[in-house]
Structure formats: structure tokens, C-alpha cells
Amino acid sequence: MSNSDLTSVLQPVMTANGLPNAHYVSDDVFAEERDKVLFANWCGIGFGKDIPESGDAMPIEFLGMPLVMVRDKEGAVKVFQNTCRHRGMTLVQEKGKVGGVLRCPYHSWCYSLKGDLVATPHVGGPGMNKSEGIDRENLGLIEIRSHVWRDVIFVNIDSQAPAFEAYAGEAMKRWGEFEGQPLHHSGEDSSFSFDVNCNWKLAVENYCESYHLPWIHPGLNSYSRLEDHYHIETPGHFSGQGTVVYSPMISEDGNRFPDFDGLSEKWDSGAEYIAFYPNVLLGVHRDHAFALVLLPQSKERTIERVEIYYADQDVVSDNWQDMRTSNTAMWKEVLEEDVFVVEGMQKGRQGIYFDGGRFSPVMDSPTHVFHHWVASCMMDKVQAAE
Amino acid sequence: MTDEISNLNQEILAAHSQKDKALLSKLYGQAAGVWDERGDQDQAAFYFTHAWILALETDDPDLEHYMQRLAELNRV
């Protein structure tokens, strides 16, 4: 697609159009976005909770790229290309414990949990485990840049993005009061996912704005009206929405989840939801948080993984199971209400006369900020800055 | 092939079917020891190699012994 098709996206929200249809229905543009938007930035691919213990590993195919997330012996998360350096065999086939090394199931070449090639059995003939031409020092697994923030495992596949701390600095600053506080996850009852028939960007766009809330989530109207929400816009980094009337869940016997430590008054009734570009949707409240990772499967199919976290270790105990289950059910219902919308927008983009759409200058600007960022990534930086 | 090795090979096959890697490492180590005692370094190295790889995977405490023996045989 030529850059000229994106110039209207870069206009001010008053006159801008949304991203053209091709960004949702074209295999070519999907492939171009893979390289320029997703592989070139820091994408979420999974969660620290997926590999809680040393020796845990979980393979994931991210946009066709075989990756494996590993918890090493020191407890650090590593991400590798899940491909043996010998014959290119997929190294780890399924989630589970790999033990002390990653052993290729084909010829049993073994890699340490830090990716070093430590054993090449029979490589020089039967019982001879070394050979001229096999330099183990240079045949370690290909490590992918990774970083864990808010329990989300991020990767930068092309390794050209700024350091994660710089990339996420604005978001870390905005939510500085939560920064570094432990997040506790209880397992299955705080975890769910959707398999949605839409392009990944539509899930981001829907999450960014509060405009749709009274129509799609009518249950919110009684306590969290449209006018109780505000836009969050940090161009080039993230956008979303906040509310000033968050009310913690209270059980029938008067319990409520413990709060994160040391929060200011803002968070007594405040909550915020940001789309951290490109594919991670985050929410924070005084007493819990969640992270949603969008895993694009094709131009028109996305898996949404949702994980909910709490401020206090005790909340993951059986004592809180009923409340946790209710909280998960509440979020699942809300997020499920959005599915027909994002799937409907995907179908609507088959309409050849759709022009990307006209934004509400007042209500849609967080979505426009996202579109502007995508368009800027797709165009060369000089043009994008103009 | 002697009965001892033959029996061990049967046990190794059974452990392979069970995917019992810790047991496999031990059995390969035992077979390697038998060949080692008989002075057949090639056979010993073959079996020590398997014991070593599986010990790496299972964090078996005999790992050091297998590595040391392979090093002495100039096989690693």
C-alpha cells in the first residue's frame, strides 16, 4: 500500500479518516504491519504466570514466529526463537517443565535455560560428542529481546526498538504509584480468553474509547456514566480512558479486596484503562489490575488472553475464591459484550466504499491517536513526523 | 550380547515407552558401566552419552560422573 493512502490518517482528528480497509482485510498489509508495527515494537506474547517456576517453558507462535518463553534457574524470564540450531526442528513442543536443559527432540542437542548450546550428542560419530566445525560457543539459541512488565512478557523481535524502560517510560510514569508493586495471580479462576474474528487493531480501537460504553455496556450506566470518563492520550505510546467513579466490589458480608500500597486519593474512585501499543491492553484499580494480550492469528482473527491480578498475596487463597470468581465473571461479561462489535467492524470493512470512517472529534480522539501511531509506523519516520 | 546388557536394554526400552527420563538416565548409566568394566570404550561412550543427556535434562546427581567419564574418554 502506498504511503499516500495514510496521509488522511495523519490529519488532526477533526478531518482525519481512520485506517483504510486494507489494514484489516489485506494479507499484504497484514504482513507489512507484522514487520513495521508488531516486530518493530515491544509486543506482549504471554505472562510471567505462564512459566512460574524455574525450568518451565511455554512455546508460542507469534505471527508465524516460533518462540519459547523460559524461566531460567535464577528465576529470570528468557525468550528464544524456538528453533534448534542444528536442523531447525521446533525445540519445545508444548507447555511444561523442561528440567535442566532445552533438549531438541530430534537429535538431542541440548541448550541451557540461558540458551547456551551445552551438548551435541554423537555429533562426531557414535559416542563422540564433539566435532571439528561444531563451535558450541557460536551455536546458542537465538535470544529475542524480552522484558517483563506488569507480568506481561514483552518481546521486540527486530531488536531495533528503544530499551523497554524508555519505550514504556511514559506509561510507567503515569502509573508510577503502582510501579514495582507485586501482582498476585490466583490461577484458572482469574484467567480467560476469547477467540475473536477480527483484526487485532479493532480490539485496541474499541478498548481506547469510552464512547461506546452506554450502548454496549448498559450495565455501567447506573454507576459509571459516560460523563464520568476521560480520555488518556500520550501520542506515540498509549491511549485509553479513565473513570472517576470506580467503586470496589463489596461482598455480601462486607469484604472487599485489599488495596495496593500507598495510593493517592486519585485512586479512591479512579481507574484507568490504556492500550499500550501495539497489542497490550491494561487496566488498573485500587484493588486489582488486569492485562489483556492480543495475539493476532491472521488478518481477521485474534486471540485475546485476559489475566486478573490482585494487590495482596492473601487474595489468591481459598478465602477469597468467591469474590475472585465474581470479579472474573464481571470482567468476562463486560469484555464479551465487545465481541460482536469488533467482529461487526471487521465484517463492515469488507465494504469497498468504506473510507476508514469519520471520527467524533470529541469522543474518538484516543482511537485516532492509535491510528496515527500505526500510520506513522507504516510510513517512514520523516514523512510521519511532518 | 550378554544377558546383563540384554536385560538392561529391555528395561531401557520399557522406560522409553514410559517416558521416564530419570530412570532412563540411570539405566543408560548402568549399561555404560558394564561396557566400561569390559573395556569396550566405544560402547561405554555411547551409553554414557545417553546417560549424560538425560541427566542434564533431569538434573540427575550422577551428571558429573557421566561428564567426567566422557571427558576421560575424550568424547566431549
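Residues numbered from 1 in each chain as written. Chains lettered and ligands numbered in written order. Predicted model: local features only at pLDDT ≥ 70, side-chain atom pairs only at ≥ 80, totals over all residues. Heavy atoms only, no water.

**Observations regarding the pairing of strand β1 (residues 43-47) of chain A**
Residues and elements named next belong to chain A.
Moving on, step 1. β1 sits mainly inside the fold: 5 of its 5 residues count as buried.
Moving on, step 2. Relative to strand β10 (residues 152-156), β1 runs antiparallel, the two sharing 4 bridges. Within the sheet, the bridge partner assigned to Gly44 lies in β10 and is Phe154. (Buried < 20%, exposed > 50% of the residue type's maximum accessible area, 1.4 Å probe, protein only. Helix = DSSP H or I, 4+ residues; strand = E, 2+ residues; numbered from the N terminus. Pairing = 2+ DSSP bridges.)

**Examining the interface of chain B and chain A**
Moving on, step 1. On the side of chain A, 17 residues touch chain B, which itself brings 14 residues to the contact.
Moving on, step 2. Looking at the side of chain B facing chain A, the largest losses of area belong to B:Ile53, B:Glu57 and B:Arg75, adding up to 40% of the total buried there.
Moving on, step 3. Scanning the region where chain B abuts chain A turns up 2 salt bridges.
Moving on, step 4. Linking chain B to chain A there are 9 residue pairs in polar contact (both at pLDDT 80 or more).
Moving on, step 5. At 8 residues, helix α3 (residues 41-58) of chain B tops the list of elements feeding residues into the side of chain B that touches chain A. (Contact = heavy atoms within 4.5 Å. Buried area = accessible area lost by both parts, 1.4 Å probe. Salt bridge = Lys/Arg side-chain N within 4 Å of Asp/Glu carboxyl O. Polar contact = N/O pair within 3.5 Å; in protein donor to acceptor, adjacent residues only side chain to side chain.)

**Description of the pairing of strand β13 (residues 238-243) of chain A**
Residue and element names in this part refer to chain A.
Moving on, step 1. Within β13, 6 of the 6 residues are buried, which leaves the element mostly enclosed by the surrounding structure.
Moving on, step 2. By the alternation rule, side chains of β13 split into Phe238, Gly240 and Gly242 and Ser239, Gln241 and Thr243, which are all buried.
Moving on, step 3. Where strand β12 (residues 229-234) lies against β13, 6 bridges are found, and the strand directions are antiparallel. From the neighbouring strand, Glu233 faces β13, where its bridge partner is Ser239.
Moving on, step 4. The loop that links β12 with its antiparallel partner β13 comprises 3 residues; one of these, Gly236, has a positive phi angle of about 90 degrees.

**Comments concerning the sheet that holds strand β4 (residues 77-81) of chain A**
Moving on, step 1. With antiparallel pairing, 7 strands are arranged side by side in an open sheet as β1-β10-β9-β4-β3-β2-β5 (chain A). Only two strands of the sheet have a single partner each, and these edge strands are β1 and β5 (96-97) of chain A.

**Remarks on the confidence of the model for chain B**
Predicted coordinates in regions of low pLDDT should not be interpreted in detail.
Moving on, step 1. When the pLDDT values of chain B are averaged, the result is 95; 97% of them are 70 or greater.
Moving on, step 2. This prediction of the complex comes with two scores: 0.94 for pTM and 0.94 for ipTM. (pLDDT = per-residue confidence, 0-100.)

**Some words on the packing of aromatic side chains**
Residue and element names in this part refer to chain A.
Moving on, step 1. All told, the structure shown has 25 aromatic pairs over all chains when counted by the stated rule.
Moving on, step 2. Taken together, a centroid distance of 5.6 Å and an interplanar angle of 80 degrees make the contact between Phe154 and Phe276 edge-to-face. Of the two residues, Phe154 is situated in strand β10 and Phe276 in strand β14 (residues 271-276); the sequence distance between them amounts to 122 residues.
Moving on, step 3. Three or more aromatic residues joined by ring pairs make a cluster, and in this case those are Trp42, Trp149, Phe154, Phe164, Tyr167 and Phe276.
Moving on, step 4. Over the aromatic face of Tyr24 sits the side chain of Lys201, whose NZ or CZ is 4.5 Å from the ring centroid.
Moving on, step 5. The aromatic ring of Tyr24 is capped on one face by Arg349, whose charged end is 4.7 Å from the ring centroid. (Phe/Tyr/Trp six-rings, centres within 6.5 Å; stacked < 30°, edge-to-face > 60°. Lys NZ or Arg CZ within 6 Å of the ring centre and 35° of its normal.)

**Things to note about the confidence of the model for chain A**
Moving on, step 1. Here chain A averages 94 in pLDDT, and 96% of its residues register 70 or above.
Moving on, step 2. The low-confidence segment residues 382-386 of chain A, where pLDDT is below 50, has 3 contacts with residues more than four positions distant or belonging to other chains.

**Here we look at the sheet that holds strand β7 (residues 110-112) of chain A**
Moving on, step 1. Reading across from one edge, β6-β7-β8 (chain A) is the order of the 3 strands in this open sheet, with antiparallel pairing throughout. Two strands lie at the open edges of the sheet, namely β6 (101-103) and β8 (117-119) of chain A, each paired on one side alone. Direction aside, neighbouring strands of the sheet carry axes that sit 40 degrees apart on average.
Moving on, step 2. Here β6(A) pairs with β7(A) via 3 bridges, running antiparallel. Of the residues in β7(A), the one forming a bridge with A:Arg103 is A:Cys110.
Moving on, step 3. Contacts from α3(B) reach β6, β7 and β8 of chain A, with the element oriented near 130 degrees to β8(A). (Axes fitted to C-alpha atoms, helices over the stretch in contact; angles between N-to-C directions.)

**What about the pattern of salt bridges?**
Residue and element names in this part refer to chain A.
Moving on, step 1. Tallied over the entire structure, the rule returns 31 salt bridges over all chains.
Moving on, step 2. One salt bridge connects Asp50 with Lys49, and the closest N-O pair in it is separated by 3.3 Å.
Moving on, step 3. Under the relative-accessibility criterion, Asp50 is labelled buried at 3%.
Moving on, step 4. Residue classification places Lys49 among the partly exposed positions, given a relative accessible area of 22%.
Moving on, step 5. A network of salt bridges, in which partner residues are shared, links Lys49, Asp50, Arg305 and Glu307.

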